[in-house]
Amino acid sequence: MDTFGGGLAAIGNTPMVRLGRLVPQGAAEVWVKLEGTNPTGSYKDRMAISLLTQAMQRGDLSKGDTVVEFTGGSTGTALAFVSGVLGLNFTAVFSDAFSYSKQQAMEAFGATVLVEKCVDGKITHDLAERMKLRALALAEQPSHYYADQFGSADVREGYVPMGQEIARSLADGIDAVCAGVGTGAALMGMLDGLKKQGMEPQVFALEPTQSPLLTTGQSGGHKVEGISVFPDPPFLDRSELSGVRAVDQDKAFAMCRRLAREEGIFGGGSTGLNVCAAIDLAVELGAGKRVVTLSCDNGVKYLGGPIYA
Ligand SMILES: Cc1ncc(COP(=O)(O)O)c(C=O)c1O
């Protein structure tokens, strides 16, 4: 990644830390990759640079073109940041169902933000469909490019360096990895990177108990942003999994607070959920083994919401 200029050179090479206080005696080691230290505070920077640079290398996208995506904000902020540095324009189809600070962040990186109105402040399937259709219609214009965060193979590819970094940090072995699944790109791309370095740990996909789409097919209202979005996540390859586990969102949020106060790790709800599952796995695997999980993004984004209230 360090061949890129400006803030792009700061994507990736994130720190790995070992939990010191939250793991019971006799359990395996738990290591957490701190992805909130990426420039926009999220591992989405990895997929944005992969998606846009590969499209440019293929000639599908050129300087001065406009990238279009519909987004709840984190992916949009990463795309806005990378687009700006690569000399691209970025138009986000956003909604007032998501936090205004995310709109401000996209605009700070130079994006044009179009706001699709929601009903009663709620994120609904109908809203997502309207946002998607608006983005697709915009992308039909000349010199416009639909980023396709839910379909482009470049998204999963973007997380391969994350897996390789983890393998290099813990070169003497990893027994299990676990992570919450939205599209599944981060978990699968991480696994691809680990495999490239010759590692084949057990792999666990995670979801909130309140919306057990992967384990039961039933969706439900939940507040763990970024995960349990699709019944069939576009990048998840179930044949690679050792298991799927559901974690209670209230336990995940309580874990976020403990992570901040006792370990100095400040993350969002998916981070708390990942660490809950990683500690359970560590207890099951026992001493001498090693579990790795992800702190997906920075907790600052969640200060107004239910996690740190
Ligand atoms: C905070 C957060 N955690 C986890 C995820 C899930 O990542 P993926 O879509 O790669 O499975 C996302 C994706 O939007 C996210 O924003």
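The rules behind these values
Residues numbered from 1 in each chain as written. Predicted model: local features only at pLDDT ≥ 70, side-chain atom pairs only at ≥ 80, totals over all residues. Heavy atoms only, no water. Helix = DSSP H or I, 4+ residues; strand = E, 2+ residues; numbered from the N terminus. Rg over C-alpha atoms; globule rule 2.2 N^0.38 Å. Buried < 20%, exposed > 50% of the residue type's maximum accessible area, 1.4 Å probe, protein only. Contact = heavy atoms within 4.5 Å. Areas by Shrake-Rupley, 256 points an atom, 1.4 Å probe, with all protein chains shown as cover. Pairing = 2+ DSSP bridges. Axes fitted to C-alpha atoms, helices over the stretch in contact; angles between N-to-C directions. Near = heavy atom within 4 Å. Polar contact = N/O pair within 3.5 Å; in protein donor to acceptor, adjacent residues only side chain to side chain. Nonpolar A, V, L, I, M, F, W, Y, C, P; charged D, E, K, R; others polar. Core = buried A, V, L, I, M, F, W, Y, C linked by side-chain atoms within 4.5 Å. Domains from an automatic or database assignment. Parallel < 35°, antiparallel > 145°, perpendicular 65-115°, else oblique. Left-handed = near helix turned anticlockwise from the far one by under 90°. Buried area = accessible area lost by both parts, 1.4 Å probe. Salt bridge = Lys/Arg side-chain N within 4 Å of Asp/Glu carboxyl O.

1. What to know about the overall build of the protein
Okay, step 1: Counting secondary structure elements, the protein contains ten helices and ten strands.
Okay, step 2: The C-alpha atoms of the protein give a radius of gyration of 19 Å, which matches the 19 Å a tight globule of 309 residues would have.
Okay, step 3: By the burial criterion, 53% of the 309 residues in the protein qualify as buried.
Okay, step 4: Restricting to contacts in the protein with at least 6 residues of sequence separation, those with at least 24 account for 71%.
Okay, step 5: Surface exposure of the protein reaches about 13,000 Å², of which carbon and sulfur atoms provide 48%.

2. Regarding the sheet that holds strand β3 (residues 66–70)
Okay, step 1: Strand order across the open sheet formed by four strands is β5-β4-β3-β6, with parallel pairing between neighbours. With partners counted over all chains shown, the strands left at the sheet margins are β5 (112–116) and β6 (144–146), one partner each. Going from strand to strand, the sheet's axes swing by 25° on average, the running direction of each strand aside.
Okay, step 2: Relative to the sheet, helix α2 (residues 74–86) contacts β3 and β4 (89–95), its axis offset from that of β4 by approximately 165°.

3. What about the sheet that holds strand β10 (residues 290–295)?
Okay, step 1: Strand order in the open sheet made by the six strands is β1-β2-β10-β7-β8-β9, with mixed pairing throughout. Among the strands making up the open sheet, the edge pair consists of β1 (16–18) and β9 (243–247). Direction aside, neighbouring strands of the sheet carry axes that sit 25° apart on average.
Okay, step 2: Both strand β7 (residues 176–180) and β10 contribute to a ladder of three bridges, which runs parallel. Within β10, the residue paired with A176 across the bridge is V291.

4. Remarks on the side chain of S83
Okay, step 1: Inspection of the secondary structure assignment puts S83 in helix α2.
Okay, step 2: Each residue touching S83, except ones within four places of it in the same chain, is listed here: L52, V67, L88, N89 and F90.

5. Some remarks on the site of the ligand
Okay, step 1: Around the ligand sit 15 residues in total, of which Y43, K44, G182, T183 and S270 are the nearest.
Okay, step 2: Separating an oxygen atom of the ligand from a side-chain N or O atom of Y43 is a distance of 2.8 Å.
Okay, step 3: A distance of 2.7 Å separates a nitrogen atom of the ligand from a polar side-chain atom of S270.
Okay, step 4: Against a free-state accessible area of 390 Å², the protein chains account for coverage of 92% of the ligand.
Okay, step 5: Of the residues belonging to the shell around the ligand, the class tally is seven nonpolar, five polar and three charged.

6. As for the nonpolar core
The nonpolar side chains of a soluble globular protein tend to be buried, and buried together.
Okay, step 1: Ranked by size, the top nonpolar core spans 55 residues in total, and within it L52, V82, I166 and L187 carry the most contacts.
Okay, step 2: Sort the elements by how many residues they give to this core and helix α7 (residues 185–196) lands first, with seven residues.
Okay, step 3: Per-domain counts for this core show at least three residues from each of domain 1 (6–42 + 159–302) and domain 2 (44–153).
Okay, step 4: Judged by nonpolar contacts, the second largest core, of 33 residues, contains L22, V30, A277 and L281.

7. A word on the packing of helix α6 (residues 160–169) against α7
Okay, step 1: Put simply, α6 and α7 touch, their axes get as near as 6 Å, and they point 50° apart. The angle between the axes of α6 and α7 places the two elements in the oblique class. Considering only the axes of α6 and α7, their crossing is right-handed. Two secondary-structure elements touch here, α6 through V160, M162, G163, Q164, I166 and A167 and α7 through A186, G189, M190, D192, G193, L194 and K196.
Okay, step 2: Classifying every residue of the contact of α6 with α7 by side-chain character gives seven nonpolar, four polar and two charged.

8. What to know about the domain arrangement of the protein
Many analyses report the size of an interface as the accessible area lost when the parts associate.
Okay, step 1: Domain boundaries in the protein define domain 1 (6–42 + 159–302) and domain 2 (44–153).
Okay, step 2: Each of domain 1 and domain 2 has a C-alpha centre, and the two are 25 Å apart.
Okay, step 3: Opposite the 23 residues of domain 1 that make contact, domain 2 presents 18 residues.
Okay, step 4: Buried surface at the junction of domain 1 and domain 2, summed over both partners, amounts to about 1,600 Å²; 61% is from carbon and sulfur atoms.

9. Section: the pattern of salt bridges
Okay, step 1: Under the defined criterion, the tally for this structure stands at 17 salt bridges.
Okay, step 2: Linking R130 and D126 is a salt bridge whose minimum nitrogen-to-oxygen distance equals 3.3 Å. One end of the pair, R130, and the other, D126, are both in helix α4 (residues 125–139), four residues apart, so they sit about a helical turn from each other.
Okay, step 3: With its nearest N and O atoms 2.9 Å apart, the salt bridge here joins R290 to D172. Within this pair, whereas R290 is found in strand β10, its partner D172 is found in the loop between α6 and β7, the two being separated by 118 residues in sequence.

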